[in-house]
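Residue strings, one per chain:
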Amino acid sequence: MNRKALAILMRTRMRPTDPNKLSMSPNRIQSSFESNLFGEHGTSSPKNFDSSSNPERGLKFVQEALHSAITLSKTDIIDEVLNDFSQGYFNLSYENRHELLLVLSREYDVSRVQLRELIQQYLSLDIPSSEKAQSSDHDVQALLSAFYRTERNLRHALQPKYETLFERLNTHPGGLKFLTILRNDLLSMLQEENSAPLRALDSYLKEKLVTWLSPAALELHQITWDDPASLLEKIVAYEAVHPISNLIDLKRRLGVGRRCFGYLHPAIPGEPLIFIEVALLKDIAQTIQEVLWDSPPTPESQATCALFYSISSTQPGLAGINLGKFLIKRVVDLVKRDMPHVSMFATLSPIPGYMQWLLAKLTSQRKLAEADTVDEPHSEETSSSTFSENILQPEEETEILGSSSGYTSGRNGMDVMWNLLTSTNYEWTSSPKLMSVLQPPLLRLCARYLLLEKKRGKALDAVANFHLQNGAMVERLNWMADRSEKGICQSGGIMVNYVYRLDKIEENAQSYLSEGRIQASCDLQRYVEVIAVSVGLLLKFMKTETIYLSVYLAEAAVRNGIFR
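Computed from a predicted structure; not experimentally measured.

Criteria and cut-off values
- Residues numbered from 1 in each chain as written.
- Predicted model: local features only at pLDDT ≥ 70, side-chain atom pairs only at ≥ 80, totals over all residues.
- Heavy atoms only, no water.
- Helix = DSSP H or I, 4+ residues; strand = E, 2+ residues; numbered from the N terminus.
- Contact = heavy atoms within 4.5 Å.
- Areas by Shrake-Rupley, 256 points an atom, 1.4 Å probe, with all protein chains shown as cover.
- Axes fitted to C-alpha atoms, helices over the stretch in contact; angles between N-to-C directions.
- Left-handed = near helix turned anticlockwise from the far one by under 90°.
- Nonpolar A, V, L, I, M, F, W, Y, C, P; charged D, E, K, R; others polar.
- Salt bridge = Lys/Arg side-chain N within 4 Å of Asp/Glu carboxyl O.
- Buried < 20%, exposed > 50% of the residue type's maximum accessible area, 1.4 Å probe, protein only.
- Phe/Tyr/Trp six-rings, centres within 6.5 Å; stacked < 30°, edge-to-face > 60°.
- Core = buried A, V, L, I, M, F, W, Y, C linked by side-chain atoms within 4.5 Å.
- Parallel < 35°, antiparallel > 145°, perpendicular 65-115°, else oblique.
- pLDDT = per-residue confidence, 0-100.
- Polar contact = N/O pair within 3.5 Å; in protein donor to acceptor, adjacent residues only side chain to side chain.
- Pairing = 2+ DSSP bridges.
- Expected span 1.5 Å × (residues − 1).
- Bend = angle between axes of the 7 residues up to and from the residue.

**Description of the overall build of the protein chain**
So, step 1. Helices and strands together make up the secondary structure of the protein chain, namely 24 helices and nine strands.
So, step 2. Sequence-distant contacts in the protein chain: of pairs separated by 6 or more residues, those separated by 24 or more amount to 72%.
So, step 3. Summed over its atoms, the accessible surface of the protein chain is roughly 28100 Å², and 52% of this surface lies on carbon and sulfur atoms.

Okay, here's the thing in structure tokens:
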């Protein structure tokens, strides 16, 4: 595809008035890929195969190809069998793919009968003492040989039969890309049902992909305007954070003061597995507008900050495989080498889970407040207020109630805040008065969300978890940094700067991964201190005040590492 074709493609698939439209969705690219994955190798569709007219026959054909791909040992026909299996798989309906993967996970798993026999055989062997093990006695050496042989057989028995399929596909043209598509299907199926065999299949395939996609096997490529149009089209299609609106926007992101780097794999040529966009600035940006519409851009000789403002994975089937960690480190090293005057490395990141968390919190507290109102005529012991908290400070609630007249109403500040945040077209963002009263609580609660809310000991927010485990610290919250509909919907327009302090990266990453400690700037710490004081006041009248407050402060100060 030449550049003129790319321009036509973008004009026909994008409306200039809607910058949130992509030229081609990843699903459409995948469908296109599935239709001609092996066509470039001159392999025609399997003979006598038409899954659309006869789904059962089509599924049986693919099952037979699957069995042959695993069991055959003749190398001269393996390629043909793998082609039949892959093309046949693409022709199956989603339901038949599901059935096929269930067959693969159950019938080509570990042989547990054989494994149990080997374990019993192993347990029946007498372990020689360390002194005897060094002896050259014939009987001792025979016993050791039995150990080694049984251990080798155990290792082999612990490998599921579907490993053969994965290994053969990995070395087959187009096979690695096919495996990422297969795993994407697996992930979709696991969202629908909790199947132990499918989970085991996914876990094993993920382990293989981690090995095959190690940093040593990946090529770091700087993507420029001079790259093939087919590659640029994929950048447009897969940009997941800030959609590219037109050719001018694309050229700006690849031009002066900007960099775009991607990881490529030899087995998937011309398609980055993941890519990151970088802005070279004088200081850390506070809004995405100044990054995307920076005209003219900062002269590169004056830049002191490399700002990572978008990182996108192009393969849904690689979910859970942290290629971004290695990509960021490689890009930092490259920028430091080529531009020694750049000393700051930071991000301007979205907070995709914040508004969902906040609305859920408001909903639950409103219900608890309603239950307390119902309980008022009863004795104090019957009240269910133990878990209640007014997440607004008194002055915040007063401001919100006083400024909402003419927009909405409610029994309390939480009611009004919930109504405003869920209003059609987000009318509150058009009122300077409402924005000014919502700004303090939204920023304070956002700090709480990022620094205190955890899942399995790690940050609840996925983007925060990504940067924190890579060694970043939470630096600053930025009000109305992303005014797009997506930004307002996800985080009330708030964005966050994470900073990579090069001398602290490894230390921060280690303390976060081992203890869940989150490093934050003094400004963010003050937000959390305010939260702790508020909780102390809230629990003031509870009989368990001392216990609750000490537990809360212990979590904030010790487990989260906020107060340093």
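What follows picks up the thread again.
**What to know about the packing of helix α3 (residues 55–71) against helix α4 (residues 75–91)**
So, step 1. Between α3 and α4, the least distance of the axes is 9 Å, while the angle of their chain directions is 145 degrees. As for the relative orientation of α3 and α4, their crossing is left-handed in sense. For the pair formed by α3 and α4, the contact residues are F61, V62, A65, L66, S68 and A69 on the first element and V81, L82, D84, F85, G88 and Y89 on the second.
So, step 2. Here the contact of α3 with α4 is built from residues that sort into nine nonpolar, two polar and one charged.

**Thoughts on the pattern of salt bridges**
So, step 1. In the structure shown here, the tally under the stated rule is 21 salt bridges.
So, step 2. In this structure, E163 engages K208 in a salt bridge whose closest nitrogen and oxygen atoms are separated by 3.2 Å. In this pair, E163 is assigned in helix α9 (residues 162–170) and K208 in helix α11 (residues 196–212), connecting sequence segments 45 residues apart. Both residues of the pair, E163 and K208, belong to the buried class.
So, step 3. Linking E396 and R444 is a salt bridge whose minimum nitrogen-to-oxygen distance equals 2.5 Å. Of the two residues, E396 is situated in helix α17 (residues 394–403) and R444 in helix α19 (residues 432–451); the sequence distance between them amounts to 48 residues. For the pair E396 and R444, a shared accessibility class is recorded, and that class is buried.
So, step 4. Bridged by salt links that share partners, the residues E239, D249, R252, R253 and E277 form one connected network.

**Things to note about the packing of aromatic side chains**
So, step 1. This structure, assessed with the given rule, holds 13 aromatic pairs.
So, step 2. Their ring planes at 25 degrees and their centres at 6.2 Å tell us that Y354 and W357 sit as a pair that is stacked. With Y354 and W357 both in helix α16 (residues 354–375), this residue pair falls three residues apart, about one helical turn.
So, step 3. Among the aromatic residues, ring-to-ring pairing joins F85, Y89, F90 and F178 into one connected group.

**So, the nonpolar core**
So, step 1. One finds Y354 and L358 to be the most contacted residues of the largest nonpolar core, which totals 111 residues.
So, step 2. Look past the residues within four positions of L358 in its chain and what remains in contact with it is I391, M417, L421, L442 and L445.
So, step 3. Membership of the second largest hydrophobic core comes to 16 residues, among which are L281, I288, L307 and Y309.

**Describing the packing of α9 against helix α10 (residues 175–192)**
So, step 1. Where α9 contacts α10, the two axes come as close as 7 Å, and the packing angle between them is 135 degrees. The angle between α9 and α10 falls in the class oblique. Residues F166, L169 and N170 of α9 lie in contact with α10, whose contacting residues are G175, L176, F178 and L179.
So, step 2. Split into classes, the residues belonging to the contact of α9 with α10 amount to five nonpolar, two polar and no charged.

**A closer look at the confidence of the model for the protein chain**
So, step 1. On average, residues of the protein chain carry a pLDDT of 84, and 80% of them reach 70 or more.
So, step 2. Here residues 378–385 is a poorly scored stretch, pLDDT under 50, and it has 10 contacts once near neighbours within four places are set aside; other chains count.

**Observations regarding the environment of K177**
So, step 1. Take K177: it is sitting in helix α10.
So, step 2. When the C-alpha atoms of K177 and A267 are compared, they prove to be 7.7 Å apart, with 90 residues separating the residues in sequence.

**Topic: the environment of S423**
So, step 1. Mapped onto the secondary structure, S423 falls in the loop between α18 (413–421) and α19.
So, step 2. Since its relative accessible area comes to 17%, S423 is described here as buried.
So, step 3. As a C-alpha pair, S423 and T408 span 15 residues in sequence and 9.2 Å in three-dimensional space.
So, step 4. Polar contacts involving the side chain of S423 include one to the main-chain carbonyl oxygen of L420, which spans 2.8 Å.

**With respect to the pairing of strand β5 (residues 344–347)**
So, step 1. Where strand β4 (residues 305–313) meets β5, four bridges bridge the pair, whose relative direction is parallel. Bridged to A306 within β5 is F345.

**Points about α19**
So, step 1. Taking 1.5 Å as the rise per residue, α19 with 20 residues should run 28 Å; its terminal C-alpha atoms sit 28 Å apart, in good agreement.
So, step 2. The sharpest bend along α19 reaches about 40 degrees and sits at L438, with the proline P440 one to four residues further on.
So, step 3. Within α19, 15 of the 20 residues are buried, leaving the element largely enclosed by the surrounding structure.

**Quick look at unusual backbone geometry**
So, step 1. A cis amide bond links S295 to the next residue, P296, at an omega of -5 degrees.
So, step 2. Inspection of the secondary structure assignment puts P296 in the loop between α14 (289–292) and β4.
So, step 3. For N425, which is not a glycine, the phi torsion comes out positive at approximately 60 degrees.
So, step 4. Residue class for N425 comes out exposed when judged on its relative accessible area of 67%.
So, step 5. Phi at R456 is positive, roughly 55 degrees, even though this residue is not glycine.

**Some points on the environment of V103**
So, step 1. By the element assignment, V103 lies in helix α5 (residues 94–107).
So, step 2. Sequence-wise, V103 and P197 are 94 residues apart; in three dimensions their C-alpha atoms are separated by 9.5 Å.

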